[in-house]
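# Residue-level structural notes
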Amino acid sequence: MSGQFDYWLQADTLYVFANDRLAAVDLGTGAVRWQVPTGVAIYHIPWWERLMNAESERPFSSSGVTARDGKVLVLARDRCLYVVDDRTGAVAGRQCGLQEPRPGSPLISTPEVTIYRTLDAMVAYPLRTG
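Below is a short write-up of the structure. Each chain has its residues counted from 1, running along the sequence as written. Totals for whole chains, interfaces and linings use all residues, but because this is a predicted model, local features are given only for residues with pLDDT of at least 70 and pairs of side-chain atoms are given and counted only at 80 or more. The side-chain quantities take in all heavy atoms of the structure and omit both hydrogens and water.

Another point: the overall build of the protein chain. Assigned secondary structure in the protein chain consists of one helix and eleven strands. For the purposes of this entry, the term helix denotes a DSSP run of H or I that reaches at least four residues, the term strand denotes a run of E that reaches at least two, and both are numbered from the N terminus. The order of helices and strands in the protein chain, counted from the N terminus, is β-β-β-β-α-β-β-β-β-β-β-β. Burial here depends on accessible area, computed with a 1.4 Å probe over protein chains only, as a share of the maximum for the residue type. Under 20% is buried, over 50% is exposed, and the range in between is partly exposed. In the protein chain, buried positions account for 42% of the 130 residues. The contacts in the protein chain between residues at least 6 apart in sequence include a share of 34% that link residues at least 24 apart. Accessible area of the protein chain: about 7200 Å², with a carbon and sulfur share of 56%. Should any heavy atoms of two residues lie within 4.5 Å, those residues are counted as being in contact. Residue burial considers only the protein chains on display, and all accessible areas are found by Shrake-Rupley using a 1.4 Å probe.

In structure tokens form, the structure reads like this:
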């Protein structure tokens, strides 16, 4: 892996976000159980939003990964928060157009909200994991 990456360790699985993909790696065998592509290529905003805020088109330079309640959450570089089933890798939900995370900020998830730090503040999104 080259460049920036984030990870979350839970039981016998390492969830890694790198190269705009979330992957589940079995620590016992080293095998990749599943991968979910995200990435900046799939991010699209309407032209009128680009006129209002040129920054909103730029991919994030940071990301974050966490897991709870059978779901893995990744704040991806395409400005979206993905909720992924931890067994199958199926995307169970997605919220896009988020604020840039502070580099190194942990992604914290409760049953009610998902929280992370931006350069200016803390933000909370009501994206459920359970």
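Read on for the rest.
One speaks of a salt bridge when a side-chain nitrogen belonging to Lys or Arg is within 4 Å of a carboxyl oxygen belonging to Asp or Glu. Taken as a whole and assessed by the stated rule, the structure comprises six salt bridges. A salt bridge links K71 to D85; its shortest N-O distance comes to 3.9 Å. Within this pair, whereas K71 is found in strand β6 (residues 71-75), its partner D85 is found in strand β7 (residues 80-85), the two being separated by 14 residues in sequence. The exposure class assigned to K71 is partly exposed, which follows from its relative accessible area of 21%.

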